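# Coordinate analysis (summary)
Chain by chain, the residues:
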Amino acid sequence: MNLNLLAGLLALACASIASSQTSETSVAPPQPASFEFQDGDRLVLIGNTVLEREQRYGSFEPRLAMALGETKVSVRNLAWSGDTVFGHARSYFGPPEEGLQRMATHLEMLKPTVVILCYGSELAFERLGGLPDFLSGYRSLIEMIRAKSPGVRVIIATPPPLENLPPPLPELSMENKNLSSLRDALRKFAGMQNAFFVDWFELMGGLPKPGNTAKPLTENGVHYTREGYEKLSAKLIEGLGLKMPDAPSPALENLRRAVIAKDTLFFNRWRPHNETYLFGFRKHEQGQNAKEIPMFDPLIAQGDEVIQKLKAEALAQTRRP
């Protein structure tokens, strides 16, 4: 992309956001060194593929739990692969607005006090032509989240970099440059939105060096492996200004398994495979079974208790000489 054109797009995008805000909010104060979690916080992850796939590996929540020590924070994953700030992936048979309404319903159920948002990876392949609309949609999404959860604290993370792998996979240098420019726009945007900013792109290495990645952390240049999520999670903790204590591997593994078990229960709670039959246009066939969905809630709560118990055990082991 022509650099002058790219600079113009960035200026237009930021100007369109700033024009709708007061002068007091347009100039953001310096960001604190770390994000302050409070005991009892309900953290919800919202975004697209990189956050949704995290629940496969359970890498982030154990690290967060250990880094927070005695502070108890519950975590729920509302991310949806392929989603956008407009809600495209969450809408089944209707317009994107249907997807945002589905998210709003889930937010009312969870009542988060903190959200981590990660959107924009699709712009790597769209050459930033849609950046102004993206930022406008992002702002509307945050406004909806704050309307449904008054007082919620917002964290905005950038999409992580892509990897160059050998053919037949494509070369992604230009796409990473787009993500780098997106990162710059998101930094300013987060300040305007009074949101804590995590530069996940730079924490994961920033713009890759020319050539193929020597030790890949992705399956295909885009989707991270379990090893990749171990690093992604560690860097996200670092980006939040937290530090995880050294914990014995067996204790951390027990915690990770408990997180995966809880996340699986929650996934089946909010995204049942037969949702069309339970709540949609075919509910006249099996809608009577919808009453079973809330039965997941006590099981998920028990999962949280198990996580806290295992965390306490792991923390006790880290204190040993």
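In case you missed it, the structure is sitting above this.
As the structure is a computational prediction, the values presented were derived from the model and not from experiment. (Residues numbered from 1 in each chain as written. Predicted model: local features only at pLDDT ≥ 70, side-chain atom pairs only at ≥ 80, totals over all residues. Heavy atoms only, no water.)

### Here's the deal with the pattern of salt bridges
Our working rule: When a carboxyl oxygen of Asp or Glu lies within 4 Å of a side-chain nitrogen of Lys or Arg, that pair is called a salt bridge. When accessible area is computed with a 1.4 Å probe and restricted to protein chains, residues below 20% of their type maximum are described as buried, those above 50% as exposed, and intermediate ones as partly exposed. The way it works is that DSSP assigns letters per residue, a run of H or I at least four long becomes a helix, a run of E at least two long becomes a strand, and they are numbered from the N terminus.
Enumeration according to the criterion identifies 21 salt bridges in this entry. For D184, the salt bridge goes to R183, with nearest N and O atoms at 2.9 Å. With a relative accessible area of 35%, D184 lands in the partly exposed category. The partner of E253 in a salt bridge is R256, with the nearest N and O atoms 2.9 Å apart. Of this pair, E253 and R256 both sit in helix α12 (residues 249–270), 3 residues apart, which is roughly one turn of the helix. What makes E253 partly exposed here is its relative accessible area of 21%.

### What about empty space enclosed by the protein?
We count it as follows: Put simply, the grid is 1 Å and covers the protein atoms alone, a cavity is a trapped set of points that fit a 1.4 Å probe, a pocket is an open set with protein on both sides within 12 Å along at least five of seven lines, and lining residues have an atom within 4 Å of a point. Grid points are joined across faces, edges and corners, and a volume is the space filled by probe spheres set on the points. Following the grouping adopted for this structure description, the nonpolar residues are Ala, Val, Leu, Ile, Met, Phe, Trp, Tyr, Cys and Pro, the charged ones are Asp, Glu, Lys and Arg, and the polar ones are all others, Gly among them.
Applying the stated criterion to the full structure yields 2 cavities of 30 Å³ or more. Considering only enclosed or pocket space, the largest cavity measures out at about 50 Å³ in volume. Broken down by class, the residue content of the lining of the largest cavity amounts to 5 nonpolar, 1 polar and 1 charged. Here the second largest cavity defines a volume of roughly 40 Å³. Surrounding the second largest cavity, L45, E54, F60, E61, V75, N77, V259, K262 and D263 form its lining. Secondary structure elements with two or more residues in the lining of the second largest cavity: α5 (60–68), β2 (73–77) and α12. Considering every element that reaches the lining of the second largest cavity, the biggest residue donor is α12, with 3 residues. Among the residues forming the lining of the second largest cavity, the class breakdown is 4 nonpolar, 1 polar and 4 charged.

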